[in-house]
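# What the coordinates show
If you want the building blocks of each chain, they are given just below.
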Amino acid sequence: MSEYEHLIQNSETRIFKAVFPNTTNHYDTLFGGTTLHMMDEAAFICATRFSRKKVVTVSTEKINFSKPIPQGTIVELIARVETVGRSSCVVCVEIFMEDMYSCNREQVVTGHFTFVAIGDDKKSIPILG
């Protein structure tokens, strides 16, 4: 395994959360904005672990919400570096929903987040090296 592949593998980030009432809308499902916040946080941690540099979110690609996430479920966010450029990387974040009291688990949200590495002057720098 190359050093590059090793960095990608070791930066994979997994976060578990319970969906409580204070994070849901009037349909008793997870707020879309809360979902995006959780995804951006997982992606940020992944990009930082990959580069070990200061990174900022510069864009998101299409976020696919395939199913609502009801209150009382557990979600797992899995963030992985998918592509790497000179100063940027794209992190794919998937959310899996699982019932608290059974083994039912399914992927319900996917999105891509692009991060750029920045120096102290807030200008882009190489993401690796």
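Just above, that's the structure.
Source: prediction; values computed, not measured. (Residues numbered from 1 in each chain as written. Predicted model: local features only at pLDDT ≥ 70, side-chain atom pairs only at ≥ 80, totals over all residues. Heavy atoms only, no water.)

## Section: the packing of aromatic side chains
Considering all chains together, one arrives at one aromatic pair under this definition. Ring plane angle 80 degrees and centroid distance 6.4 Å describe the contact between Tyr4 and Phe50, whose orientation is recorded as edge-to-face. A residue pair is termed long-range when its members are at least 10 positions apart, and Tyr4 in helix 1 (residues 3-11) and Phe50 in helix 2 (residues 32-51) qualify at 46 residues. On the accessibility criterion, Tyr4 (38% relative accessible area) is partly exposed. Assessed through its relative accessible area of 1%, Phe50 is described here as buried. (Phe/Tyr/Trp six-rings, centres within 6.5 Å; stacked < 30°, edge-to-face > 60°. Helix = DSSP H or I, 4+ residues; strand = E, 2+ residues; numbered from the N terminus. Buried < 20%, exposed > 50% of the residue type's maximum accessible area, 1.4 Å probe, protein only.)

## Some thoughts on the nonpolar core
One finds Met39, Ile69, Leu77, Val91, Val93, Ile95 and Phe115 to be the most contacted residues of the largest nonpolar core, which totals 28 residues. Of all the elements in the fold, those that place two or more residues in this core are helix 2, strand 4 (73-84), strand 5 (88-99) and strand 6 (105-117). The element contributing the most residues to this core is helix 2, with seven residues. (Core = buried A, V, L, I, M, F, W, Y, C linked by side-chain atoms within 4.5 Å.)

## Quick word on helix 2
Every α-helix winds through 3.6 residues per turn, so residues three or four apart in the chain are directed the same way. Across its 20 residues, helix 2 extends 28 Å between first and last C-alpha, which sits within 8% of the 28 Å expected from 1.5 Å per residue. Of the residues flanking the end of helix 2, it is Arg52, one or two places downstream, whose phi is positive at about 55 degrees. (Expected span 1.5 Å × (residues − 1).)

## Focus on unusual backbone geometry
Most peptide bonds are trans, and most residues other than glycine sit at a negative phi. We note that Asp28 has phi near 60 degrees; this positive angle belongs to a residue other than glycine. Structurally, the position occupied by Asp28 is in the loop between strand 1 (13-18) and helix 2. A relative accessible area of 45% places Asp28 in the partly exposed class. Residues other than glycine seldom take positive phi values, yet Arg52 does so here, at roughly 55 degrees. As for its position among the elements, Arg52 is in the loop between helix 2 and strand 2 (55-60).

## Considerations on the pattern of salt bridges
On inspection of all chains with the given rule, the structure shows eight salt bridges. Notably, a salt bridge pairs Glu12 with Arg14, separated by 2.9 Å at the nearest N-O pair. The exposure class assigned to Arg14 is partly exposed, which follows from its relative accessible area of 46%. Between Glu12 and Arg80 there is a salt bridge whose closest N-O contact spans 2.7 Å. Note that Glu12 is positioned in the loop between helix 1 and strand 1 and Arg80 in strand 4, a separation of 68 residues in sequence. Within the structure, one salt-bridge network assembled from shared partners comprises Glu12, Arg14, Glu76, Arg80, Glu94, Glu98 and Arg105. (Salt bridge = Lys/Arg side-chain N within 4 Å of Asp/Glu carboxyl O.)

## Considerations on the packing of helix 1 against helix 2
Contact geometry for helix 1 and helix 2: axes closest at 8 Å, N-to-C directions at 145 degrees. In this structure, the crossing between helix 1 and helix 2 has a hand that is right-handed. Where helix 1 abuts helix 2, its residues Tyr4, Leu7, Ile8, Asn10 and Ser11 lie against Cys46, Arg49 and Phe50. Along the lines of polarity and charge, the residues of the contact of helix 1 with helix 2 split into five nonpolar, two polar and one charged. (Axes fitted to C-alpha atoms, helices over the stretch in contact; angles between N-to-C directions. Left-handed = near helix turned anticlockwise from the far one by under 90°. Contact = heavy atoms within 4.5 Å. Nonpolar A, V, L, I, M, F, W, Y, C, P; charged D, E, K, R; others polar.)

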